[in-house]
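# Structure assessment
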Amino acid sequence: MEAAQAAQQREAFRQAVVNTLERRLFYIPSFKIYRGVAGLYDYGPPGCAVKANVLAFWRQHFVLEENMLEVDCPCVTPEVVLKASGHVDKFTDLMVKDEKTGACYRADHLLKDYCNEKLENDPRLTAEKAAELTHVLAVLDDLSSEELGAKIKEYGITAPDTKNSLSDPYPFNLMFQTSIGPSGASPGYMRPETAQGIFVNFKDLYYYNGNKLPFAAAQIGQAFRNEISPRQGLLRVREFTLAEIEHFVDPDDKSHPKFSEVSTLEFLMFPRDDQVSGRQARRIAIGEAVAQGIVNNQTLGYFIGRVYLFLTLLGIDKDRLRFRQHLANEMAHYAADCWDAEIECSHGWIECVGIADRSAFDLLAHTDKSGVELVAHEKFAEPKEVEKLIITPVKKELGLAFKGNQKMVVEALQAMGEKEAMELKATLEEKLEAEFRVCTLDKDVTIKKSMVSISKEIKKEHQRTFTPSVIEPSFGIGRIIYCLYEHSFYTRTSRDGDEQLNVFRFPPLVAPIKCTVFPLVQNQQYEEVAKSIARSLTAVGISYKIDITGTSIGKRYARTDELGVPFAITVDSTTSVTVRERDSKQQIRVNVDEVASLVKEVTDGVSTWPDVLWRYPTHSSEASGSRS
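What this report covers is the structure whose coordinates are included nearby. (Residues numbered from 1 in each chain as written. Predicted model: local features only at pLDDT ≥ 70, side-chain atom pairs only at ≥ 80, totals over all residues. Heavy atoms only, no water.)

Let us now look at the pattern of salt bridges. Applying the stated criterion across every chain yields a total of 47 salt bridges. Its salt-bridge partner being Glu 120, residue Arg 10 comes within 3.3 Å of it at the nearest N-O pair. Taken together, the residues span a long stretch of sequence, with Arg 10 in helix 1 (residues 2-23) and Glu 120 in helix 5 (residues 107-121) at a distance of 110 residues. On the accessibility criterion, Arg 10 (34% relative accessible area) is partly exposed. Judged by its relative accessible area of 24%, Glu 120 is partly exposed. (Salt bridge = Lys/Arg side-chain N within 4 Å of Asp/Glu carboxyl O. Helix = DSSP H or I, 4+ residues; strand = E, 2+ residues; numbered from the N terminus. Buried < 20%, exposed > 50% of the residue type's maximum accessible area, 1.4 Å probe, protein only.)

Along the chain, Glu 594 turns up in the loop between strand 28 (587-591) and helix 20 (595-603). Given the relative accessible area of 28%, Glu 594 is considered partly exposed.

Take the nonpolar core next. Counting 69 residues, the largest nonpolar core has Trp 58, Phe 310, Leu 311, Phe 323, Phe 475 and Tyr 485 as its most contacted members. Per element, the largest residue contribution to this core is 9 residues, and it comes from helix 12 (residues 298-314). Those residues within four positions of Phe 323 in sequence are excluded, and the remaining contacts are Phe 267, Leu 268, Met 269, Phe 270, Ile 304, Val 307, Tyr 308, Trp 339, Asp 340, Ala 341 and Ile 355. Grouped together as the second largest cluster of nonpolar side chains are 24 residues, Val 517, Ile 542, Ile 588 and Val 590 included. (Core = buried A, V, L, I, M, F, W, Y, C linked by side-chain atoms within 4.5 Å. Contact = heavy atoms within 4.5 Å.)

A surface patch of nonpolar side chains, amounting to about 520 Å² of accessible area, comprises Phe 31, Ile 33, Tyr 34 and Val 37. Relative to the elements of secondary structure, Ile 33 occurs in the loop between strand 1 (27-29) and strand 2 (41-43). (Patch = residues over 30% accessible without salt bridge, like charges linked within 9 Å, V, L, I, M, F, W, Y side chains within 5 Å. Areas by Shrake-Rupley, 256 points an atom, 1.4 Å probe, with all protein chains shown as cover.)

The omega torsion of the bond from Leu 213 to Pro 214 falls at -5°, within 30 degrees of zero and hence cis. Counting through the fold element by element, Pro 214 comes out in the loop between helix 9 (202-208) and strand 10 (215-224). In this model, Lys 585 sits at a positive phi of 65°, which is unusual for a non-glycine residue. Note that Lys 585 resides in the loop between strand 27 (576-581) and strand 28.

Attention shifts here to empty space enclosed by the protein. Taking a probe equal in size to a water molecule and rolling it over the atoms shows the remaining empty space. Applying the stated criterion to the full structure yields 1 cavity of 30 Å³ or more. Looking at the largest cavity, its volume works out to about 40 Å³. Lining the largest cavity are Phe 567, Val 579, Leu 598, Val 599, Val 602, Trp 609 and Val 612. Those elements giving two or more residues to the lining of the largest cavity turn out to be helix 20 and helix 21 (609-613). The dominant element in the lining of the largest cavity, judged by the number of residues it contributes, is helix 20, at 3 residues. Along the lines of polarity and charge, the residues of the lining of the largest cavity split into 7 nonpolar, no polar and no charged. (1 Å grid on protein atoms, 1.4 Å probe; cavity = no way out; pocket = protein on both sides within 12 Å on 5 of 7 lines; lining within 4 Å. Points joined across faces, edges and corners; volume = space filled by probe spheres on them. Nonpolar A, V, L, I, M, F, W, Y, C, P; charged D, E, K, R; others polar.)

In structure tokens:
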């Protein structure tokens, strides 16, 4: 029963937030007059302003702070790029179909909903069954297609809308396919992430950076995923904004010169060992996590710390933010370590930022597919003597033996590793010929001693050539903003106690409008003063809204509190005005010519509201209306 009540409270809170967001036009379903399309949303005026403020702060906090190289790549991506990255073959979710209507559903979502519904609302559930369902939820992401299908059949799960039986799960590629050019001969996709545009530009960016590592490239842009059955509002959509960083670093040295700046930060972390043993997330200093090997390296730890600062400065509640480490079987095969910044909201813990050490996978994949070497160089202070494997195919002999297949045999010989090459050399020395596998021909061929020379030589090298590793923080901007809405929303009783008023407690940093200007009454002199203040606010770059309606000041305060406006300026004389702070409702008197600089000082974070309270006389709010 307690679980059911908690679920009802979460649902009621969510509805209050969503209703306010839609009514005040923060966002609305796209194409609403045509009944909309699931997973597509429009941002209205306040929503656009919040998003612009979040992205501006992201640029300041990451791009400017770390001297990152910002790029802007096309959304339409040729198939060959996404084939190399693995997206064409592996970017899938498991789908089931209603066997009568053909309606599609995401298989893991149906199983998750079934388990949650039973755990929250079934009073006859045994402890044993509850433990089983809890375990299913814990391993949901790891279930294979066959295991998922077996659970759906075992629990008798049917199509939610019709109760018809469902097909077996099968993979569905989430990318939107298109073609480039009118002939349709050049296939492409709408990009599912922005990262590939950075990887394919690595060579030019490395040159632009003076051929020096480490460096980071960043990109903000739209990404597209053809979600099977999108739900959860802004949390799961088909078009969304990503902000991604690719930090290129020497794989042999992943230390970070600024790690000490974040090493003492302490926040909720959820290492994989704690998850597996059933423990809860705990507060760990990021310096300790790196020292103990919980986090793989300093650069990864540095970005985890910077992400924590970014999210909490935006207004995310630090007690509802955790960093969860991917489980071993959850990580990509090439990843050295991966953590998700998860934010708790009414939908549960939501992944909003992924911070991964992707090793050298992406650059190696694009080097292999394109034939262009995406590598970095380290020049030695003094030349180093190194033993090099030298494989020299004798092309004349190979041409006579293999004719048209000569090129593939030569390439296979040159691609040998040291162990295979030395074994082949020993066999040729002893037997004068050896069987050799050529993968591109899919057969063994006979290599004679006269066809290839294999040796080791001591060479002097002046530099080391290597493929950099990549540390990637990837931010889902829409998810962060939605969680910010929930963390900022609260209700308070009006002064006369007759209704509940909605408030968004946005920090000034992200508030869509920084202040409002209200003439107390409709009076030409007051309106002139209000216009003068508006001009001075514009001059210092502060967004504002003037409201000269005859509505009571209390009602005007309530309207702008619901938009999250932090400061209200009420013009009640020609020489000084009152400035009201949204959450405390405290008011101070400020001279007209000082008000713009005061608001800028607080919205820019130079001072806080408590800082300015003692500098200015407080003002009684009795005349400000009953709803304030």
